[in-house]
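Analysis of the macromolecular model
One-letter residues, chain by chain:
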Amino acid sequence: MTPANAPTVFVVDDDALVRAAIQGMMKSVGLRSEIFATPQEFIRSKRPDGPSCLILDVRLPGINGLEFQRELADAGVHIPIIFITGHGDIPMTVKAMKSGAVEFLTKPFRDQDLLDAVHQALDRDRVMRQQQSELTELQKRYDSLTIRERQVMGLVVSGMLNKQIAFELGNSEITVKIQRGHVMRKMQAESLAELVRMAAKLEPAPARISLGRPGAGRE
């Protein structure tokens with residue numbers, strides 16, 4: 001039984017022989033793959049929640065691969081794409097790569113070139129998933145802060161001292177010190193430098209926090 005988080009290589013190509021050949025190639029190196037004749041079939045499929053990449057033919061019935069790449073991006077589907085084509089040209093290659101494609105291979109290509117591109121794409125997806133997981137966790141911590149704690153955090157990471165923050169918010173310095181401690185504990189930051197790095201990853205959320213009037217919001 002294949003683990004739920006095992007990597008998956010998706011293949012969209014209207015040529016059944018090409019689909020079968022690529023699926024066989026993936027199987028030979030222990031990679032799970034799913035094949036589709038059209039982009040619509042791929043979109044309708046239930047995709048496993050694990051690292052993945054898409055091998056996409058440029059010339060498909062009804063829509064070309066570059067248009068489908070843009071549609072996926074517009075729909076918020078972020079998956080590394082490897083383009084394959086029998087009719088590639090330099091402008092097409094440049095457009096695909098600028099839009100984030102991992103590789104653009106012209107048929108006939110060497111099996112090893114495709115396998116190298118697949119491993120690169122899967123590595124890229126693992127990194128993206130890890131970064132997204134870390135960002136989601138940071139956002140959960142940030143959401144646990146009160147309005148005033150978010151205000152204090154924004155001012156702390158901007159470089160202000162406790163007494164400057166107290167003046168800005170109309171609070172006592174001791175109150176700011178306590179709130180600052182709450183921020184550090186809830187954000188699980190062990191140092192100011194770490195808190196600054198967290199805020200940078202969360203931007204622009206902390207930067208949009210309104211300071212409001214002194215005393216406003218939950219303390």
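Criteria and thresholds
- Residues numbered from 1 in each chain as written.
- Predicted model: local features only at pLDDT ≥ 70, side-chain atom pairs only at ≥ 80, totals over all residues.
- Heavy atoms only, no water.
- 1 Å grid on protein atoms, 1.4 Å probe; cavity = no way out; pocket = protein on both sides within 12 Å on 5 of 7 lines; lining within 4 Å.
- Points joined across faces, edges and corners; volume = space filled by probe spheres on them.
- Nonpolar A, V, L, I, M, F, W, Y, C, P; charged D, E, K, R; others polar.
- pLDDT = per-residue confidence, 0-100.
- Helix = DSSP H or I, 4+ residues; strand = E, 2+ residues; numbered from the N terminus.
- Contact = heavy atoms within 4.5 Å.
- Salt bridge = Lys/Arg side-chain N within 4 Å of Asp/Glu carboxyl O.
- Buried < 20%, exposed > 50% of the residue type's maximum accessible area, 1.4 Å probe, protein only.
- Axes fitted to C-alpha atoms, helices over the stretch in contact; angles between N-to-C directions.
- Parallel < 35°, antiparallel > 145°, perpendicular 65-115°, else oblique.
- Left-handed = near helix turned anticlockwise from the far one by under 90°.
- Polar contact = N/O pair within 3.5 Å; in protein donor to acceptor, adjacent residues only side chain to side chain.
- Pairing = 2+ DSSP bridges.
- Phe/Tyr/Trp six-rings, centres within 6.5 Å; stacked < 30°, edge-to-face > 60°.

Considering the layout of surface pockets
For the largest pocket, the calculated volume is near 290 Å³. Lining the largest pocket are 16 residues; nearest its centre among them are Q69, A73, I79, S99 and G100. Split into classes, the residues belonging to the lining of the largest pocket amount to nine nonpolar, four polar and three charged. The calculated volume of the second largest pocket comes to roughly 180 Å³.

As for the confidence of the model for the protein chain
Per-chain confidence: the protein chain averages 88 in pLDDT, with 90% of residues scoring 70 or above. When the elements of the protein chain are averaged for pLDDT, helix 4 (residues 90-98) gives the smallest value, 78, and strand 1 (residues 8-12) the largest, 97. Confidence over residues 205-219 falls short of pLDDT 50; this stretch has 29 contacts with residues more than four positions distant or in other chains.

So, the pattern of salt bridges
A complete count under the given rule lists nine salt bridges for this structure. R126 is the partner of D123 in a salt bridge, and the nearest nitrogen-oxygen pair spans 2.9 Å. Within this pair, D123 and its partner R126 are both found in helix 5 (residues 111-143), separated by three residues, close to a single helical turn. Given the relative accessible area of 44%, D123 is considered partly exposed.

Some details on the packing of helix 1 (residues 16-28) against helix 5
Describing two packed helices takes the angle between their axes plus the distance from one axis to the other. Running from amino to carboxyl end, helix 1 crosses helix 5 at an angle of 70°, the nearest separation of the two axes being 11 Å. Between helix 1 and helix 5, the angle falls in the class roughly perpendicular. Judged by the twist between their axes, the crossing of helix 1 over helix 5 is right-handed. Together, I22, M25 and M26 of helix 1 and D111, L114, L115 and V118 of helix 5 make up the contact between the two elements. Residue classes in the contact of helix 1 with helix 5 are distributed as six nonpolar, no polar and one charged.

Structural notes on the environment of S158
Structurally, S158 is set in the loop between helix 6 (147-157) and helix 7 (162-169). From its side chain, S158 meets the backbone oxygen of L155 in a polar contact 2.6 Å long.

Remarks on the pairing of strand 2 (residues 32-36)
Direction of pairing for strand 1 relative to strand 2: parallel, over a ladder of five bridges. Looking across to strand 2, one finds that F10 is bridged to E34.

As for the packing of aromatic side chains
Taken as a whole and judged by the stated rule, the model has five aromatic pairs. For the pair F10 and F36, a centre-to-centre distance of 6.3 Å together with 35° between the ring planes defines the contact as tilted. Placement of F10 in strand 1 and of F36 in strand 2 is noted, with a sequence separation of 26 residues between them. The exposure class assigned to F36 is buried, which follows from its relative accessible area of 8%.

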